[in-house]
Amino acid sequence: MGSLFEVKAIDREFYQNGLQSFLPARLIDVHAHVWLDRFKSKQKEECVRAVTWPYRVAIDNSVEDLMETYHLMFPGKKILPLIFGMALSPGDDIEGGNEYVSDCAHKNHMPALIFADPRWSEVEIEEGIISGNFLGAKVYLTRSDFRIPEKDIQIYDFLPHHQLKVLDRHGWIVMLHIPRCDRLRDPLNLTQMVEIEKHYPRIKVIIAHVGRAYCPEDIGNAFEILGETRRMLFDISANTCAETFEQLIRAVGSRRILFGSDLPVLRMRTRRICEGGTYINLVPKGFYGDLAGDPHMREVEGKDADLLSFFMYEEIDAFRRAAAKTNLRESDIEAVFYGNAAELLCEVGMPESFLNGGRGRL
Ligand SMILES: [Zn+2]
């Protein structure tokens, strides 16, 4: 049996020359999706309210595939993931997916989040998290009421107050991918992010992908506002914008930034560019199916295609450049890739033994 995906000479070079010595020996990845294809709705997407290119990279991601990915991409490192499902569509088997994640977490000594639905009552979310041994919840905009157009979705449409209350009472984690076309610079997003920090001070809010600020144009005055916050955390998953990382580091310091991957999407062979404020993933021609009509994907050929490596490496390399510009010390980098998450996860109830053992170890 061949390996899960090809690692080329150019990938090995990228890792060995730039990334291996930059990264600490142990990493915690706070943003890893695991699910099996059988949990996905087999109906044609009723109403697609999110980008579609991620589905072209992997139809599913078992915990075994996740561990093999780390093994192939990070030789010599030990990686502990915070895992959760991928129940983006309301037609998906969210219960089955959560059971699978809970089971994988239990067997492999990994921390996990429940994939939550905004329609669950206070009791339902609380019992779901406790019975599955989860440390909090992952929420997503596509589970909002289907009558709301994508551009109008607000954070509270998929992370309602009655659930925030429960998360706050227990001091649990919430992994939040913010909505809206203007992304991080959207004033309503910023207002609600600050509001949540104020009204629910015990929740550990992780803003996924640094608020989807994938291009410098997505930043606006966000970091002026976020510089005033005290607790909110940010994961760098699926973001390759060094400018965003630099401003983030200057605004909140290194202790509130967490390494995350967003695997399996980060297995994609791509380099991301920005044009007129829109991100475009450059991908090898023919690799990811028919991309016509997807403004975020562009095929390249020949030498341009041969030079493409993993999205994962591009993310870490962008952070490396931002770290150099802001003079982060080795201890700061260790904190971002490991220490901050270790502290957070233990604080919300992960057994400390998970840090040193289990099958999560490579
Ligand atoms: Zn994700």
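These numbers come from a predicted model, not from an experiment.

Caption draft 1: Quick look at the pattern of salt bridges. On inspection of all chains with the given rule, the structure shows 20 salt bridges. Here Arg147 and Asp145 are joined by a salt bridge, their closest N and O atoms 2.5 Å apart. Residue Arg320 is joined to Asp317 by a salt bridge in which the shortest nitrogen-to-oxygen separation is 2.8 Å. Taken together, the residues Arg320 and Asp317, both in helix 12 (residues 311–325) and three residues apart, mark about one turn of the helix. Taking the relative accessible area as the measure of exposure, Arg320 reaches 28% and is therefore partly exposed.

Caption draft 2: Representation of the nonpolar core. Grouped together as the largest cluster of nonpolar side chains are 123 residues, with contacts concentrated most on Ile83, Met312, Phe319 and Phe337. Residues Ile280, Val300, Ala305 and Leu308 belong to the second largest nonpolar core, which totals five residues.

Caption draft 3: Representation of the coordination of the zinc ion. At the metal site, the zinc ion is ligated by His31 (NE2), His33 (NE2) and Asp262 (OD), and these contacts range over 2.1 to 2.2 Å. Mapping the donors of the zinc ion onto the primary sequence yields the spacing H-x1-H-x228-D. Like His31, the residue His33 is buried in the burial classification.

Caption draft 4: The arrangement of the sheet that holds strand 5 (residues 173–176) in detail. A sheet is described by the order of its strands in space; here six strands give the open sequence 3-4-5-6-7-8, paired in parallel fashion. The sheet is open, and its two borders are formed by strand 3 (114–115) and strand 8 (257–258), each paired with just one other strand. Two strands pair when backbone bridges link them, and strand 6 (residues 204–207) and strand 7 (residues 233–235) are joined in this way by two bridges, in the parallel orientation. By the bridge assignment for strand 7, Ile206 is matched with Leu233.

Caption draft 5: Spotlight on the side chain of Ser309. Summarising the element assignment, Ser309 is placed in the loop between helix 11 (302–306) and helix 12. For Ser309, a relative accessible area of 1% puts it in the buried group. Within the local environment of Ser309, its side chain forms a polar contact with the side chain of Asp11, the two groups lying 2.6 Å apart. Those residues in contact with Ser309 that sit more than four places away from it in its chain are Asp11, Phe14, Met268, Arg269 and Thr270.

Reading guide: rules and limits
- Residues numbered from 1 in each chain as written.
- Predicted model: local features only at pLDDT ≥ 70, side-chain atom pairs only at ≥ 80, totals over all residues.
- Heavy atoms only, no water.
- Salt bridge = Lys/Arg side-chain N within 4 Å of Asp/Glu carboxyl O.
- Helix = DSSP H or I, 4+ residues; strand = E, 2+ residues; numbered from the N terminus.
- Buried < 20%, exposed > 50% of the residue type's maximum accessible area, 1.4 Å probe, protein only.
- Core = buried A, V, L, I, M, F, W, Y, C linked by side-chain atoms within 4.5 Å.
- Donors = N, O, S within 2.8 Å, 3.2 Å for Na, K, Ca; no water.
- Pairing = 2+ DSSP bridges.
- Polar contact = N/O pair within 3.5 Å; in protein donor to acceptor, adjacent residues only side chain to side chain.
- Contact = heavy atoms within 4.5 Å.

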